[in-house]
Amino acid sequence: MTVKTQQTEQREQTTGAPADASRSSEVSEVTDAPAPSGAYEATERTVPTRSRERASYDRDLVHAILDETYLCHLGFVRDGAPVVLPTLYGRIGEALYVHGSTGSRPLRSAGKGEGAPGLPVCLTVTHVDGLVLAKSAFHHSINYRSVVVHGVAHQVTDPEELRTALDALVDHVVPGRSYDSRPANAKELAATAVLRLDLREVSAKVRTGGPNDDPEDAALPHWAGVVPVRRGYGTPVPAADQPASTPLPDYLAAL
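These numbers were taken from a predicted model, which means no experiment stands behind them.

I tried to follow the side chain of His150 on my own but got confused; where do I start?
Structurally, the position occupied by His150 is in strand E8 (residues 141–155). Polar contacts involving the side chain of His150 include one to the main-chain carbonyl oxygen of Arg45, which spans 3.4 Å. Ignoring anything within four residues of it in the chain, the contact list for His150 reads Arg45, Thr46, Val121, Cys122 and Glu201.

How should the pairing of strand E7 (residues 119–133) be read in this particular structure?
A regular strand places its side chains so that they alternate between the two faces of the sheet. Where strand E4 (residues 71–78) meets E7, three bridges bridge the pair, whose relative direction is antiparallel. Bridge pairing in E7 links His73 to Thr124. With 13 bridges connecting them, E7 and E8 associate as antiparallel partners. Across the sheet, the residue bridging to Leu123 is Val149, located in E8.

Even after reading the chapter, I still don't get the nonpolar core, so can you show me in this structure?
The nonpolar side chains of a soluble globular protein tend to be buried, and buried together. Judged by nonpolar contacts, the single largest core of 26 residues is most densely connected at Leu66, Leu123, Val147 and Val149. If you tally residues by element for this core, the top one is E7, at four residues. The residues touching Leu66, leaving out its near neighbours within four places in the chain, are Tyr89, Arg91, Leu96, Val125, Val147, His172 and Leu199. Ranked by size, the runner-up nonpolar core spans eleven residues in total, among them Tyr97, Val156, Ala168 and Leu189.

Please explain the environment of Val174 as it appears in this structure.
Within the fold, Val174 resides in the loop between helix H4 (159–173) and helix H5 (186–191). Remark: the alpha-carbon pair of Val174 and Tyr251, spanning 77 residues in sequence, is separated by 7.7 Å. Non-local contacts of Val174, meaning those with residues more than four positions away in its chain, are made with Tyr251 and Leu252.

Criteria and cut-off values
- Residues take numbers from 1 onward in each chain, read along the sequence in its written order.
- Only residues with pLDDT of at least 70 are given local features in this predicted model, and only at 80 or more are side-chain atom pairs given and counted; all residues enter the totals for whole chains, interfaces and linings.
- Only hydrogens and water are set aside when side-chain values are computed; all heavy atoms of the structure are taken into account.
- Going along the chain from the N terminus, every DSSP run of H or I of four or more residues is numbered as a helix, and every run of E of two or more is numbered as a strand.
- Think of a polar contact as two N or O atoms within 3.5 Å of one another; within protein, one of them needs to be a possible hydrogen donor and the other a possible acceptor, and neighboring residues in sequence only count if both atoms come from side chains.
- Between two residues, a contact is recorded if the distance between any of their heavy atoms is within 4.5 Å.
- DSSP calls a pair of strands paired once it identifies at least 2 bridges connecting them.
- The criterion is simple. A nonpolar core is a set of buried Ala, Val, Leu, Ile, Met, Phe, Trp, Tyr and Cys residues joined through side-chain atoms within 4.5 Å.
- When a residue's accessible area, from a 1.4 Å probe over protein chains only, is under 20% of the maximum for its type it is buried; when over 50% it is exposed; and in between it is partly exposed.

Everything listed is a geometric property; what it means functionally is a separate question.
Below you can see the structure in the form of C-alpha cells.
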C-alpha cells in the first residue's frame, strides 16, 4: 500500500502555525484506490431488515457521520465467540484507521506483514440526536445517525502510512492537535498498532422527526415530543505541572 502526503492549509487555519512537511498529519490519499462514485453499492449485509427507508448509501452522508465523532465499536469473532470493543478511529479518504496496541486481540487476529489474512470485522458509529417520547411506551424511540462498515481489517505496517494514520487519529479527536504535540518516537511506534479498514461495504441509517403515535392515542394526556441531545465540551483543565503562562490553543478554544 503506497501512501503519499501533501501539505494542507487546514493545519495553518486551525493552529495558526505553518504546516510542517516533516509531519504526516497532512491530508493523505491512497494512490491505488479507485475513484469513488457518489454512493456505495448496497449488498446483502448492508441492506437492513427493518426500516429500509431509513438506509442510505450516499458517500457524502457516510463521511459526514464518520467525521463528526471519533468513537467506534469494532466487532469480530475470536475463538468462536463475538467480541465488540470500543476504540478510536480516524478517516483518510476511503479508509478508516482504528487505534490499538500491538498486544490487543484484534491486532493479533489480523496478522502482520504482507500476505496476512486480515480480520473480518463489523465497525459501527452512532450519533444520538434526540429522545423521541411517544404517548405509548411502544412507540418511544430515538433520533439517530449511524454507519455500519463490513470488511476485512489489516494491520498497517508501512512506516509512512502508520505515522499518517496516527496523526489522523489524533486530529480526528481534536483537529490540529497532532501539530501541537510531540510525534511518537520509535519505542512508542513499536507499541502502537493501527488497523486499516477500507470503506467498501458501507451503509448509513438515519431517523429524524417526532413520535409515530397511533391515531387512537392522540387524545391521551401524556406529553409527547422530542428531547434534543447535543454533545458539548467543558472548559479545558490544564495539567498540574503545566506552567501558568502556557496559553490555551485556539483549536481548543474553538471546540
